[in-house]
Amino acid sequence: MMKRILPAPMLSLALLVLWLLLNRSLSAGNFVLGGVLALAIPLLTAGLRPLPVRVRAPGAVLRLALTVMGDTVQSNIAVARLLLAPGRRRHPSGFVQIPLELRDANALAVLAVIVSIAPGTAWAELSVDRSVLMLHVLEVDDAAAIAAQIKRRYERPLMEIFE
């Protein structure tokens, strides 16, 4: 019965917290409306989630979130410098191929979001067998180092969380 009402409890909690943060209010009305949305959205979108999400390491989620936030800030600063002083650009943009060990569809979706939210990187292609990610990077000085960084900072924590 509880699973029918609350099919994705972590998603519901995240939606409620996000609603309260966006409204910057802890009023009863915001709690009620946020609670209704937190219950309704997972129910309405249940068919869009192909696989159930199982978070295996909640502590790794927090570490990954902090890593992504820090990397996003650094990337924003780097891209702003390039935009404000285009003559300081040292390396051309290019594509980097990253061999993936990650296979979970939900984890791959999270990886796509992570690499796409940071300015200067964009998810370009995923091979049919999901073994290679092609990433477009604004400044490529050492493709192997970029691939190693993506694997170390994002893929390994995602494997710990989802697989």
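Described below are features of the structure shown in this document. (Residues numbered from 1 in each chain as written. Predicted model: local features only at pLDDT ≥ 70, side-chain atom pairs only at ≥ 80, totals over all residues. Heavy atoms only, no water.)

### Quick notes on the sheet that holds strand 1 (residues 94–99)
Through backbone hydrogen bonds, the strands of a sheet pair up, either in parallel or in antiparallel fashion. Convention followed: Two strands pair if DSSP finds at least two bridges between them. A run of H or I in DSSP becomes a helix once it reaches four residues, and a run of E becomes a strand once it reaches two; helices and strands are each numbered from the N terminus. As a rule, the C-alpha atoms of each element are fitted with a line to give its axis, helices using only the stretch in contact, and angles between N-to-C directions run from 0 to 180 degrees. Contact definition: two residues touch when any of their heavy atoms are within 4.5 Å.
With respect to topology, three strands assemble into an open sheet ordered 1-3-2, the strand pairing being antiparallel. With one partner strand each, in any of the chains shown, strand 1 and strand 2 (121–126) form the two edges of the open sheet. Looking at each pair of strands side by side, their axes are set apart by 30° on average, direction ignored. The pairing of strand 1 with strand 3 (residues 132–137) spans six bridges and is antiparallel. Bridge pairing links Gln-97 to Met-134 in strand 3. In the packing of helix 6 (residues 143–162) onto the sheet, contacts are made with strand 1 and strand 3, and the angle to strand 1 comes to roughly 50°.

### Section: the environment of Ala-60
Its place among the elements puts Ala-60 in helix 4 (residues 58–84). Sequence separation between Ala-60 and His-136 is 76 residues; the distance between their C-alpha atoms is 26 Å. With sequence-adjacent residues up to four places away left out, Ala-60 is seen in contact with Glu-160 and Ile-161.

### Here's the deal with the side chain of Thr-72
Along the chain, the position of Thr-72 falls in helix 4. Setting aside residues up to four positions removed in sequence, Thr-72 forms contacts with Ile-117 and Pro-119.

### Things to note about helix 6
Since one α-helical turn is 3.6 residues long, residues separated by three or four positions face the same way. Let me state the cut-off plainly: One less than the number of residues in a helix, times 1.5 Å, gives the span that helix is expected to have. We define the bend at any residue as the angle between the axes fitted to the seven residues before and including it, ending there, and the seven starting there. Burial classes: relative accessible area under 20% of the type maximum marks a residue as buried, over 50% as exposed, and values in between as partly exposed (1.4 Å probe, protein chains only).
Taking 1.5 Å of rise per residue, the 20 residues of helix 6 would be expected to cover 28 Å, and the 26 Å separating its terminal C-alpha atoms lies within 8% of that figure. Along its length, helix 6 shows its largest kink, about 35°, at Lys-151. Among the residues making up helix 6, those that are buried are Ile-146, Ala-147, Ile-150, Lys-151, Tyr-154, Glu-155, Pro-157, Leu-158, Ile-161 and Phe-162. Buried residues belonging to helix 6 abut helix 4, strand 1, helix 5 (105–117) and strand 3.

### Points about the pattern of salt bridges
Worth spelling out the cut-off: In the sections that follow, a salt bridge refers to a side-chain nitrogen of Lys or Arg positioned within 4 Å of a carboxyl oxygen of Asp or Glu.
One pass over the structure, following the stated rule, counts four salt bridges. Salt-bridge contacts for Glu-101 lead to Lys-151; the nearest nitrogen and oxygen are separated by 3.5 Å. Pair noted here: Glu-101 is in the loop between strand 1 and helix 5 and Lys-151 is in helix 6, with a separation of 50 residues, a long-range link. Take Glu-101: its relative accessible area is 46%, and that puts it in the partly exposed class. For Lys-151, a relative accessible area of 13% gives the class buried. Among the charged side chains, a salt-bridge network with shared partners connects Glu-101, Lys-151 and Glu-155.

### Some points on the pairing of strand 2
Summarising the sheet, strand 2 and strand 3 pair through five bridges and their orientation is antiparallel. Along strand 3, the bridge assignment pairs Glu-125 with Met-134. Connecting the antiparallel pair strand 2 and strand 3 is a turn made up of five residues, with Arg-130 showing a positive phi of about 60°.

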